[in-house]
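Notes for the structure review
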Amino acid sequence: MNEPNRATLQSLPNEQLRSLQLKRLNSLLLAASQRPFYRDRLSGVDLPLQSVDQITSLPLLTKDDLIDRGKASPGKIFDMPRASYVRMHQTSGTKGFPIAVLDTRQDWDWWLNCWDYVLDAAEITDSDVAMMAFSFGPFIGFWTANDALVRRGALVVPGGGMSSENRLQMIADHRCTVLCCTPTYALHLSNVAAKTGFPLSESSVSRIIVAGEPGGSVPIVRERLEQSWGAKVIDHTGASELGAWGFGSEDGRGIHVIESEFIAELLCFDQRHPEGAPVADGEEAELVLTSLGRYGGPAIRYRTGD
């Protein structure tokens, strides 16, 4: 039986969505419970779960749980045999010690499937030309975006190892229709264009996919980008430990969680609720996510800090 397409998944009635999430969650938990990291963590949990709401019976996962202090080694959830993994990347380390993250071939395909939601939001087709304004370091966001664009059939222009002026020239030379970078770098490019007399208003770029910072959903940043480039901004959110979990709303005011691939919880953590408590709509909360398709490194109830 074929999986529903992305458009169908995004419009599933809540009851069907929860049924799909539960099926995928139980499959993940069964596999994880037989692995070293989760064996003890899940030993007291009665599996399979009978509803998605029972996810609160599972222990929370934090970045500190993943780190092997003093060692530049993969996070502890990546505990399959070495030969199982084909990709290695690394977290930025902005919130602590960098963690190496590993992906199996199946995990990588899942990452790209998640990225397809972002590319759909940006209306990317095989006629697009995308400038990748990143270095070619271990940042996973670049590599997943790059491979997802290639898989879709877009022409990808590598922009690593060159100056901002050279990147602008590459955009012009290759008639790039899409720019992929952080929001602050897209702003920086517009400033460089203004200083050097580069005719940004004549650029062929019609969409800018941004990630790595919250600017894509901040109205003042979004407006500056769209006005300076004459292009639509599409926000994207993800995490090395979790996957590509969200894409910007059409109005630019927030993020859609890809709920067929992730279970989201909004929890309040304070002295009264050290393990987290649900919050009402409109109250400040921390986002806790469970990725449903990354079996090589299951992130179950991961506290994002966001």
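For the structure, check the block above.
Residues numbered from 1 in each chain as written. Predicted model: local features only at pLDDT ≥ 70, side-chain atom pairs only at ≥ 80, totals over all residues. Heavy atoms only, no water.

1. Quick look at the packing of helix α7 (residues 164-173) against helix α8 (residues 183-196)
- Taken N-terminus to C-terminus, the directions of α7 and α8 make an angle of 90 degrees; their axes are 10 Å apart at the nearest point. As judged from the angle between their axes, α7 and α8 are roughly perpendicular. Here Ser-164, Glu-165, Arg-167 and Leu-168 of α7 lie close against α8, whose contacting residues are Tyr-185, His-188, Leu-189, Val-192, Ala-193 and Thr-196.
- Tallied by class, residues from the contact of α7 with α8 come to five nonpolar, three polar and two charged. (Axes fitted to C-alpha atoms, helices over the stretch in contact; angles between N-to-C directions. Helix = DSSP H or I, 4+ residues; strand = E, 2+ residues; numbered from the N terminus. Parallel < 35°, antiparallel > 145°, perpendicular 65-115°, else oblique. Contact = heavy atoms within 4.5 Å. Nonpolar A, V, L, I, M, F, W, Y, C, P; charged D, E, K, R; others polar.)

2. Digging into the pattern of salt bridges
- Going through the model one piece at a time under the given rule, you end up with 15 salt bridges.
- For the salt bridge of Asp-116 with Arg-6, the shortest nitrogen-to-oxygen distance reads 3.7 Å. With Asp-116 in helix α5 (residues 105-121) and Arg-6 in helix α1 (residues 6-10), this residue pair connects regions lying 110 residues apart in the sequence.
- With a closest N to O distance of 2.8 Å, Glu-265 and Arg-301 form a salt bridge. Placement of the pair is Glu-265 in strand β10 (residues 262-268) and Arg-301 in the loop between β12 (286-291) and β13 (302-303), with a sequence separation of 36 residues. Residues Glu-265 and Arg-301 agree in their burial class; the two are buried.
- One continuous salt-bridge network, built from bridges that share partners, spans Arg-6, Asp-116, Asp-120, Arg-151 and Arg-152. (Salt bridge = Lys/Arg side-chain N within 4 Å of Asp/Glu carboxyl O. Buried < 20%, exposed > 50% of the residue type's maximum accessible area, 1.4 Å probe, protein only.)

3. Things to note about unusual backbone geometry
- Of note, the bond from Leu-47 into Pro-48 is cis; its omega dihedral lies within 30 degrees of zero at 0 degrees.
- Mapped onto the secondary structure, Pro-48 falls in the loop between α3 (36-41) and α4 (63-66).
- Even without glycine at this site, Glu-123 takes up a positive phi of about 55 degrees.
- Tracing the backbone shows Glu-123 in the loop between α5 and β3 (129-132).
- Residue classification places Glu-123 among the exposed residues on the basis of a relative accessible area of 60%.
- Positive phi is not limited to glycine here, since Arg-301 has a value of about 55 degrees.

4. Some points on the side chain of Glu-265
- Accessibility expressed as a relative area gives 8% for Glu-265, which makes it buried.
- Here the side chain of Glu-265 touches Arg-301 through a polar contact of 2.8 Å, side chain to side chain.
- When sequence neighbours within four positions are dropped, the list of residues in contact with Glu-265 reads Ile-55, Thr-56, Glu-286, Leu-287, Val-288 and Arg-301. (Polar contact = N/O pair within 3.5 Å; in protein donor to acceptor, adjacent residues only side chain to side chain.)

5. A word on the nonpolar core
- Residues Leu-149 and Ile-209 are the most contacted members of the largest nonpolar core, which totals 64 residues.
- Looking at this core element by element, the count peaks at nine residues for α5.
- The contact partners of Leu-149, leaving out residues within four places of it in the chain, are Leu-119, Ile-124, Ala-130, Met-132, Ala-154, Val-156 and Cys-180.
- The next biggest cluster of nonpolar side chains, apart from the first, holds 25 residues, and it includes Cys-181, Leu-189, Val-210 and Val-221. (Core = buried A, V, L, I, M, F, W, Y, C linked by side-chain atoms within 4.5 Å.)

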